[in-house]
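Structural description and commentary
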Amino acid sequence: MPQLDAFDWRLLEALQQDASLTNGALADRVGLSASQVSRRRQALEGAGVIRGYRALIDPEARHAALLTRLLFAGGHLCHAFESSADFFEWLATDTCDMLITGNWAGDHPAEEVIPRAQSILPGLPAIAVMQRARESEVVSCLHAGADDCVVRPVSGPELLDR
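How each quantity is defined
Residues numbered from 1 in each chain as written. Predicted model: local features only at pLDDT ≥ 70, side-chain atom pairs only at ≥ 80, totals over all residues. Heavy atoms only, no water. Buried < 20%, exposed > 50% of the residue type's maximum accessible area, 1.4 Å probe, protein only. Helix = DSSP H or I, 4+ residues; strand = E, 2+ residues; numbered from the N terminus. Pairing = 2+ DSSP bridges. Right-handed = clockwise from strand over helix to strand, strands pointing away. Axes fitted to C-alpha atoms, helices over the stretch in contact; angles between N-to-C directions. Parallel < 35°, antiparallel > 145°, perpendicular 65-115°, else oblique. Left-handed = near helix turned anticlockwise from the far one by under 90°. Contact = heavy atoms within 4.5 Å. Core = buried A, V, L, I, M, F, W, Y, C linked by side-chain atoms within 4.5 Å.

A word on the pairing of strand E4 (residues 126–130). Most of E4 sits out of view: five of its five residues are buried. Of the two faces of E4, the one carrying Ala 126, Ala 128 and Met 130 and the one carrying Ile 127 and Val 129 are both buried. Relative to E4, strand E3 (residues 98–102) runs parallel, the two being bridged by four bridges. Residue Ile 100 lies in a different strand from E4, and its bridge partner there is Ile 127. Handedness of the crossover is the feature at issue here: the chain leaves E3, passes through helix H6 (residues 110–120), returns alongside E4, and the resulting connection is right-handed.

Further remarks concern the environment of Arg 134. Examined against the element boundaries, Arg 134 turns out to sit in the loop between E4 and helix H7 (135–144). Of the residues examined, Arg 134 reaches a relative accessible area of 41% and is grouped as partly exposed. Arg 134 sits 13 residues away from Leu 121 along the chain, and the two C-alpha atoms are 28 Å apart.

All right, on to the packing of H6 against H7 then. Two numbers describe how H6 lies on H7: the axes approach to 8 Å, and their chain directions differ by 15°. Between H6 and H7, the crossing angle belongs to the class labelled roughly parallel. For the pair H6 and H7, the crossing hand works out as right-handed. Facing H6, whose interface residues are Ala 110, Glu 111, Ile 114, Pro 115 and Gln 118, H7 presents Glu 137, Ser 140, Cys 141 and Ala 144.

Grouped together as the largest cluster of nonpolar side chains are 22 residues, with contacts concentrated most on Ala 55, Ile 57, Phe 87, Trp 90, Cys 96, Leu 99 and Cys 141. If you list the elements that add at least two residues to this core, you get strand E1 (52–57), helix H5 (84–91), H6 and E4. Ignoring anything within four residues of it in the chain, the contact list for Ala 55 reads His 79, Phe 81, Phe 87, Trp 90, Cys 96, Met 98, Leu 99 and Ile 100.

Here it is, written out as structure tokens:
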């Protein structure tokens, strides 16, 4: 892991809170120019400190916060949403490289959210997080385009291995 200075840590903390911040907004938060933020962000991505950008739809704030921390520990920045409507509004102007959604995404089932997201971002990997491992729900999510299904509580290594 490369040597990180105070600005790198502030940048990572700001991105952990909101992975969709622009370089200009990040610059205001960390006290650097937008171009410096851009260079540092690219360096963190190039060094593998930031490995990806994940979208998480989970209406339960405590669970979403836990998954966000687990993903961040693995080098993935996460943008959490309480509902699929919030996610799709954000997706109109932003992007992610993976979708993690609860079986119930706050306002729609994962079986509806996953194919819609994949129609906007073809090939988007998706994981459904379930309360219980009901075979019918797992099969339904997999048929809808989920790459995997995991059952809560999800451990950090289990989620990062997916």
